[in-house]
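Chain and residue survey
Chain by chain, the residues run as shown.
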Amino acid sequence: MENTLGLEIIEVVEQAAIASSKWMGKGEKNIADQVAVEAMRERMNKIHMRGRIVIGEGERDEAPMLYIGEEVGICTRPDAANFCNVNELVEIDIAVDPCEGTNLVAYGQNGSMAVLAISEKGGLFAAPDFYMKKLAAPAAARGHVDINKSATENLKILSECLNRAVEELVVVVMDRPRHKELIQEIRTAGARVRLISDGDVSAAICCAFSGTNIHALMGIGAAPEGVISAAALRCLGGHFQGQLIYDPEVVQTGLIGESREGNLARLNEMGITDGDRVYNANELASGETVLFAGCGITPGTLMDGVRFFHGGARTQSLVISSQSKTARFVDTVHLWDEPKNIQLR
Ligand SMILES: O=C(COP(=O)(O)O)[C@@H](O)[C@H](O)[C@H](O)[C@H](O)COP(=O)(O)O
Ligand SMILES: [Mn+2]
Ligand SMILES: [Mn+2]
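All of these numbers come straight from a predicted model, not from anything done at the bench.

**Some details on the coordination of the manganese ion (ligand 2)**
- Every protein donor of the manganese ion (ligand 2) is accounted for by Asp 97 (OD), Glu 100 (OE) and Glu 225 (OE), and the metal-donor separations fall at 1.9 to 2.1 Å.
- Read from N- to C-terminus, the donor residues coordinating the manganese ion (ligand 2) fall into the pattern D-x2-E-x124-E.

As structure tokens, this is what we get:
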């Protein structure tokens, strides 16, 4: 599956990030999102691949582009066999979040990225537009920490696995009323909390890299982002577990329907009969080959944001592949008009 695809998807996330970053700090989250979607779609449709969006723009808002089920890539055309080779004709599933952290972009804050994950057909969990309780941690703690355990227990396990005191651990939690008790518990256990307003994909991936000073992600975020995070962590060998949250009272937002029962019924219709199941990274991104790509829109811990200069821009991306077993940090200079000056770094 990989070969040239790994290289081309860098451009997909780069184009989305560049488009979105033009709206950085303008207070227009919907436009920052929409231009990223359009740019991502346009670049994807130039690739010799036969893709299907399995995680895309929300089901609820019926966004016109990159919707779930949309076919992308040149090889989805009816006459594709005339110009696509056997490898390119293999069906692949794609999960996208063209602007992960729309608020971060709109308000000029750190941590937004254009992201996607690819696998062969059926290789990514088609997460419903629900919430997900998440636990991400470094590879050394994989299989030792457990989402069913309390935060206090997991911090103790993390401290043993990472050979550092609980006080030396930093846990990222989304700053939401639903996490009030979780935050208190982490602090009482002795660890430090980094609260983020948005962008839990970046936080999850940071757990897999030492030097980020992020040792765990705990709490509830969106389910589609959970699958994209799992794809990256699976390739990196980190720990990721996710459990769908369908009870509106738990998330304390009205965004997932009226009732717990109604949501369970909706899950059932989608073929998810056990709403409480805990999925690990290998189950959320179960394909033989998994690719992840992300490009910074605003600056973040993993990557810099898009920087414009006269006649061009510079981007930083991360492409992770289970096939080549690589995590590539790609620094790209985009040359449009005749730039007056290209900085080395
Ligand atoms: O920050 C996020 C928002 O993503 P996007 O809509 O693409 O800009 C994600 O990282 C979070 O995972 C998630 O969407 C968030 O937790 C949703 O929860 P809430 O804001 O409390 O409804
Ligand atoms: Mn998102
Ligand atoms: Mn988004």
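**Some details on the coordination of the manganese ion (ligand 3)**
- Every protein donor of the manganese ion (ligand 3) is accounted for by Asp 97 (OD) and Cys 99 (O), and the metal-donor separations fall at 2.1 to 2.3 Å.
- The metal-metal distance between the manganese ion (ligand 3) and the manganese ion (ligand 2) is 3.6 Å, with Asp 97 serving as a donor to both. Residue Asp 97 shares its accessibility class with Cys 99, and that shared class is buried.

**Some points on helix α2 (residues 29-44)**
- Compared with the 22 Å implied by 1.5 Å per residue over 16 residues, the 23 Å span of α2 between its first and last C-alpha is a close match.
- For α2, the full list of buried residues reads Ala 32, Asp 33, Val 35, Ala 36, Val 37, Ala 39, Met 40, Arg 43 and Met 44.
- Summarising the contacts, the buried residues of α2 are in contact with α1 (4-21), β1 (50-55), β2 (71-72), β3 (91-100), α3 (102-106) and β4 (113-120).

**Details of the pairing of strand β6 (residues 170-174)**
- For β6, the buried fraction is high: five of the five residues fall into the buried class.
- Burial along β6 is two-sided: the face carrying Val 170, Val 172 and Met 174 and the face carrying Val 171 and Val 173 are both buried.
- Pairing analysis gives five bridges linking β6 to strand β7 (residues 192-196), with the strands arranged parallel. Along β7, the bridge assignment pairs Met 174 with Ile 196.

**A word on the packing of helix α4 (residues 151-162) against helix α5 (residues 180-189)**
- Where α4 meets α5, the axes come as close as 9 Å, and the angle between the chain directions of the two elements is 40°. For the element pair α4 / α5, the angle class is oblique. Like other packed secondary-structure pairs, α4 and α5 cross with a definite hand, here right-handed. Here α4 contributes Ala 151, Thr 152 and Leu 155 to the contact with α5, which in turn contributes Leu 182, Glu 185, Ile 186 and Ala 189.

The rules we used
- Residues numbered from 1 in each chain as written.
- Chains lettered and ligands numbered in written order.
- Predicted model: local features only at pLDDT ≥ 70, side-chain atom pairs only at ≥ 80, totals over all residues.
- Heavy atoms only, no water.
- Donors = N, O, S within 2.8 Å, 3.2 Å for Na, K, Ca; no water.
- Buried < 20%, exposed > 50% of the residue type's maximum accessible area, 1.4 Å probe, protein only.
- Helix = DSSP H or I, 4+ residues; strand = E, 2+ residues; numbered from the N terminus.
- Expected span 1.5 Å × (residues − 1).
- Contact = heavy atoms within 4.5 Å.
- Pairing = 2+ DSSP bridges.
- Axes fitted to C-alpha atoms, helices over the stretch in contact; angles between N-to-C directions.
- Parallel < 35°, antiparallel > 145°, perpendicular 65-115°, else oblique.
- Left-handed = near helix turned anticlockwise from the far one by under 90°.

By themselves, these observations are geometric and do not establish any function.
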